[in-house]
Amino acid sequence: MVPPADLEIFRAVNQPAGAFVDWAMEAASERGILLGIACVAAIYAAFRSVHRWVAALLIFAAIGAADLTSVRLLKPAAGRARPCQEFHDVRAPVGCGSGKSFPSSHAADSASAATIFAWALPRLSVLGIALAVAVGFSRVYLGVHWPSDVAAGWALGILVGLLLVFLSRLRYVFVRR
C-alpha cells in the first residue's frame, strides 16, 4: 500500500513536461554522467580543499558505501516495488529499471558525495546540494521511485557522508605529527 502523500506527490511530479525536461531528467539520472561529475568534483577537491586527497578519496568512498548499503542491505529488506512496477499508467521514459525501490540508490549516492563535497569545500556546497536535489527529483519524474524512496536515499547518503567525515577526523587522534 502506497501512502496517500507519496502517491499524490508522485502523480504531480510524474507528468510530461516536454522533450528538454525529459532529456535533463534522464541526464540527471545517468550513472556515467554522475560518475564523471564525481571525478571532476574529486579532482577539484584534491587541489582546492584543505583536506586535499583525503576529500577526493572520501567522495568515492561515500558513493560506494551509500550504494552498497542501499542495494545490498536496505532494498532487499524493504522489498518495495517501483511505481512503474506497481501501476501501469506510470510514465517511465527510461524504462522501469530492475530491482526494488526503497531507498533510492541514486539519491543516496548523490547525497553522500554532496555531503563530502560540502565538508571539503563549504563555499561550493550549494553545487553539490543542487545536484543531489536534481538527481532525486529526476528519479520521481522518470517514474522509477516514490518520493519517500528519494527522501530515504538522501537521509542515508547524508548519514554515510557524515560517518565518513567523522572517521576521517579520527586520524588526527591516532596520527601524531
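See above for the structure.
Residues numbered from 1 in each chain as written. Predicted model: local features only at pLDDT ≥ 70, side-chain atom pairs only at ≥ 80, totals over all residues. Heavy atoms only, no water.

Draft legend 1. How the structure looks around the overall build of the protein chain. Looking only at helices and strands, the protein chain features 9 helices and 0 strands. The order of α-helices and β-strands along the protein chain, N terminus first, is α-α-α-α-α-α-α-α-α. Computed over the C-alpha atoms, the radius of gyration of the protein chain is 17 Å, within 12% of the 16 Å expected from 2.2 N^0.38 for a compact globule of 177 residues. Counting only C-alpha atoms and orienting by the principal axes, one finds that the protein chain spans roughly 60 × 35 × 25 Å. (Helix = DSSP H or I, 4+ residues; strand = E, 2+ residues; numbered from the N terminus. Rg over C-alpha atoms; globule rule 2.2 N^0.38 Å.)

Draft legend 2. Geometry of the state of the cysteines. Under the counting rule described, the total for this entry stands at 1 disulfide. The disulfide partner of C84 is C96, and the S-S distance across this bridge is 2.0 Å. One disulfide, between C84 and C96, carries an S-S torsion of 90° and so falls in the right-handed class. Taken as a pair, C84 in helix 5 (residues 83–86) and C96 in the loop between helix 5 and helix 6 (105–120) lie far apart in primary sequence, 12 residues in all. You can call C96 partly exposed: its relative accessible area is 22%. (Disulfide = S-S within 2.5 Å. Buried < 20%, exposed > 50% of the residue type's maximum accessible area, 1.4 Å probe, protein only.)

Draft legend 3. Representation of the side chain of N14 within the structure. By secondary structure assignment, the location of N14 is in the loop between helix 1 (4–13) and helix 2 (19–28). Under the relative-accessibility criterion, N14 is labelled buried at 7%. Within the local environment of N14, its side chain forms a polar contact with the backbone oxygen of Y141, the two atoms lying 2.8 Å apart. Discounting residues that sit within four places of it in the chain, N14 has contacts with V90, R91, V140, Y141, L142 and G143. (Polar contact = N/O pair within 3.5 Å; in protein donor to acceptor, adjacent residues only side chain to side chain. Contact = heavy atoms within 4.5 Å.)

Draft legend 4. Fine view of the pattern of salt bridges. Scanning the model with the defined rule gives 6 salt bridges in all. R31 serves as the salt-bridge partner of D109, at 2.5 Å between the closest nitrogen and oxygen. With D109 in helix 6 and R31 in helix 3 (residues 31–48), this residue pair connects regions lying 78 residues apart in the sequence. The class for R31 is partly exposed, based on a relative accessible area of 38%. (Salt bridge = Lys/Arg side-chain N within 4 Å of Asp/Glu carboxyl O.)

Draft legend 5. Summary view of the packing of aromatic side chains. All told, the structure shown has 4 aromatic pairs when counted by the stated rule. Between F87 and W146 the ring centres are 6.0 Å apart and the planes differ by 80°, which places this aromatic pair in the edge-to-face class. Placement of the pair is F87 in the loop between helix 5 and helix 6 and W146 in the loop between helix 7 (125–141) and helix 8 (147–169), with a sequence separation of 59 residues. Take F87: its relative accessible area is 25%, and that puts it in the partly exposed class. Ring pairing ties together the aromatic residues F10, F87 and W146, which thus form one cluster. Just above the ring of F87 sits the side chain of R11; from NZ or CZ to the centre is 5.2 Å. (Phe/Tyr/Trp six-rings, centres within 6.5 Å; stacked < 30°, edge-to-face > 60°. Lys NZ or Arg CZ within 6 Å of the ring centre and 35° of its normal.)

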